[in-house]
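Architecture at a glance
The residues making up each chain are set out below.
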Amino acid sequence: MSFRKIVASPVICLYILFTFSIGNQVSGTPIGAPAAACGTMTPDHGVPPQTSASPYVTIPTLMPDESVRLTLLVNSTGILTFKGFLVMAFDNSLGDTATPIGTFSEIVEGTPAITPANYLNCLSGSKNAATHTNNTEKVIVNLLWVPPSGFDGNVVFKTTFVRNVTTFWVKTLSDVISVSSTTNTTTSSTTTTPSTTPSITTTPLTTTTAAGAPQLAPWIGTIFLALVTFMLASSA
Ligand SMILES: *[C@@H]1O[C@H](CO)[C@@H](O)[C@H](O)[C@H]1NC(C)=O
Ligand SMILES: *[C@@H]1O[C@H](CO)[C@@H](O)[C@H](O)[C@H]1NC(C)=O
Ligand SMILES: *[C@@H]1O[C@H](CO)[C@@H](O)[C@H](O)[C@H]1NC(C)=O
C-alpha cells in the first residue's frame, strides 16, 4: 500500500504539471484562434486584454436576402492595422449567456469580396465563428454571416481584435442589427441601439489557461493511468 502511494504521488504531480504546461501552448496561433478560445474569446498570450475603448469596429450591413455583410476595420488614427480577429454573432436579447448563432459563409457574391478566413465550430455549432488565416497586418476584413433559418430578432456581433501578441481587445461590440430570415421583405433595418452588455470584457487570463488545459487532459490522463497501472502491476 505505501509503495503504491510513493509511486502514485510523483506520477500525479507530473501529470498535473504536464497537462498545464501543454494547456498554455494550445491557443494563440498565427493561423487563427483555436476552438478553445470559443468561450472567452480571449487569446492565451500571457497578458491581459486592453481595457481602453477599442480602436477597431465591426460594421454589420443587412443584405436583401437577410444575410449580413460584416466589415472589420480600424477606427483610429493611432493604430492602423490588426493581425488577428475572432468574431461571432449572438442573439442580443439573451445577454452574456448567449451562445453563438448562425453561420459564416464563404460564398463570394458582389463586391467587396469575402476575405479568406478560418471558420470554427464553437460549442457544437457549425462555422459559427470566423478567425484569421494568417497574422499579416490587416486594414479591413469582409465576412458574410447567415442567420439561423427562421430567425427573427436582434443580433450583435462580438469581435476580438489582436493588434499584436501583447495588445488585443476582447469582445468589442457591433451595433445591434435587426434580422428577420422568416420573410424576404426589406422591412428590417439597422439600429444604433447600444448593446446591453459592457463594451470591454476583462476576463481573467487564468480562466483561459484553465479552459485550454482540459482540451488535452483526457488522452494524457489515459497514458499516465496506463503507466500507473503498469507500475502497480509490476510491483505486485
Ligand atoms: C470611431 O472613432 C471615433 C473617434 O474616436 C468615435 O467617436 C466613434 O464613436 C468611433 N466609431 C465607432 C463605430 O465606434
Ligand atoms: C493572409 O490573410 C489575408 C486575409 O486576412 C488574405 O487576404 C491573404 O491572402 C493571406 N495571405 C497569405 C500569404 O495566405
Ligand atoms: C503592440 O502594439 C502596441 C499598440 O500599437 C504597441 O504599443 C506595442 O509596442 C506593440 N508591441 C509589439 C511587441 O509589437
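Residues numbered from 1 in each chain as written. Chains lettered and ligands numbered in written order. Predicted model: local features only at pLDDT ≥ 70, side-chain atom pairs only at ≥ 80, totals over all residues. Heavy atoms only, no water.

Further remarks concern the nonpolar core. Counting residues in each nonpolar core, the largest one holds 28 residues, and the members touching the most others are F85, L143, W145, V155 and F157. Mapped by element, the contributors of at least two residues to this core are β1 (56-62), β2 (68-74), β3 (84-91), β7 (140-146), β8 (152-164) and β10 (177-180). Of all hydrophobic cores here, the second largest spans 13 residues; its members include C38, L120, C122 and V156. (Core = buried A, V, L, I, M, F, W, Y, C linked by side-chain atoms within 4.5 Å. Buried < 20%, exposed > 50% of the residue type's maximum accessible area, 1.4 Å probe, protein only. Helix = DSSP H or I, 4+ residues; strand = E, 2+ residues; numbered from the N terminus.)

A few words on the site of ligand 3. Around ligand 3 sit R163, N164, T166 and T167, and that is every residue in its neighbourhood. In the model, an oxygen atom of ligand 3 is placed 3.4 Å from a nitrogen or oxygen of the R163 side chain. Within the contact set of ligand 3, an oxygen atom lies 2.2 Å away from a side-chain nitrogen or oxygen of N164. About the coverage of ligand 3: the protein hides 40% of its 360 Å² of free accessible area. Across the shell around ligand 3, the residue classes tally to no nonpolar, three polar and one charged. (Near = heavy atom within 4 Å. Polar contact = N/O pair within 3.5 Å; in protein donor to acceptor, adjacent residues only side chain to side chain. Areas by Shrake-Rupley, 256 points an atom, 1.4 Å probe, with all protein chains shown as cover. Nonpolar A, V, L, I, M, F, W, Y, C, P; charged D, E, K, R; others polar.)

So, about the site of ligand 2. The environment of ligand 2 is made up of T115, P116, T133, N134, T136 and K138. One of the side-chain N or O atoms of T133 is found 3.4 Å from an oxygen atom in ligand 2. In isolation ligand 2 has 360 Å² of accessible area, and contact with the protein removes 47% of it. Per-class residue counts for the shell around ligand 2 are one nonpolar, four polar and one charged.

This part covers the pattern of salt bridges. Inspection of every chain in the model, using the stated rule, returns three salt bridges. K158 is the partner of D96 in a salt bridge, and the nearest nitrogen-oxygen pair spans 3.8 Å. With D96 in the loop between β3 and β4 (103-105) and K158 in strand β8, this pair connects stretches of sequence that are 62 residues apart. A relative accessible area of 7% places K158 in the buried class. Here E137 makes a salt bridge to R163, at a shortest N to O gap of 3.2 Å. Here R163 lies in strand β8 and E137 lies in the loop between β6 (129-131) and β7, a separation of 26 residues in the sequence. Residue classification places E137 among the partly exposed positions, given a relative accessible area of 44%. We classify R163 as partly exposed; its relative accessible area is 21%. (Salt bridge = Lys/Arg side-chain N within 4 Å of Asp/Glu carboxyl O.)

Geometrically, a pair of aromatic rings is defined through the distance of the ring centres and the angle of the planes. Applying the stated rule across the entire model yields five aromatic pairs. The interplanar angle of 25 degrees and the centroid separation of 4.8 Å between the aromatic rings of Y56 and F161 together place this pair among those described as stacked. Here F161 lies in strand β8 and Y56 lies in strand β1, a separation of 105 residues in the sequence. A cation over an aromatic ring shows up here: K158 above the ring of F90, its NZ or CZ 4.8 Å from the ring centre. (Phe/Tyr/Trp six-rings, centres within 6.5 Å; stacked < 30°, edge-to-face > 60°. Lys NZ or Arg CZ within 6 Å of the ring centre and 35° of its normal.)

With that settled, consider the environment of L72. With respect to the element layout, L72 can be found in strand β2. As for L72 and F85, which are separated by 13 residues in sequence, their C-alpha atoms are 8.8 Å apart. Discounting chain neighbours no more than four positions away, the residues touching L72 are V57, T58, F82, F85, V139, I140, V141, L143, T159 and F161. (Contact = heavy atoms within 4.5 Å.)

In this section: the confidence of the model for the protein. Chain-level statistics for the protein give a pLDDT mean of 76 and a share of 63% at 70 or above. Taken together, the stretch residues 10-27 has pLDDT below 50 and engages in 27 contacts with residues farther than four places along the chain or on a different chain. Scored below 50 in pLDDT, residues 184-221 shows 70 contacts in the model against residues more than four places distant or in partner chains. (pLDDT = per-residue confidence, 0-100.)

Applying the stated rule across the entire model yields one disulfide. For C38, the disulfide goes to C122, at an S-S distance of 2.0 Å. Taking the torsion about the sulfur-sulfur bond, which here is approximately -70 degrees, the covalent link between C38 and C122 counts as left-handed. Taken together, the residues C38 in the loop between α1 (2-25) and β1 and C122 in the loop between β5 (118-120) and β6 connect sequence positions 84 residues apart. Each member of the pair, C38 as well as C122, is classed as buried. (Disulfide = S-S within 2.5 Å.)

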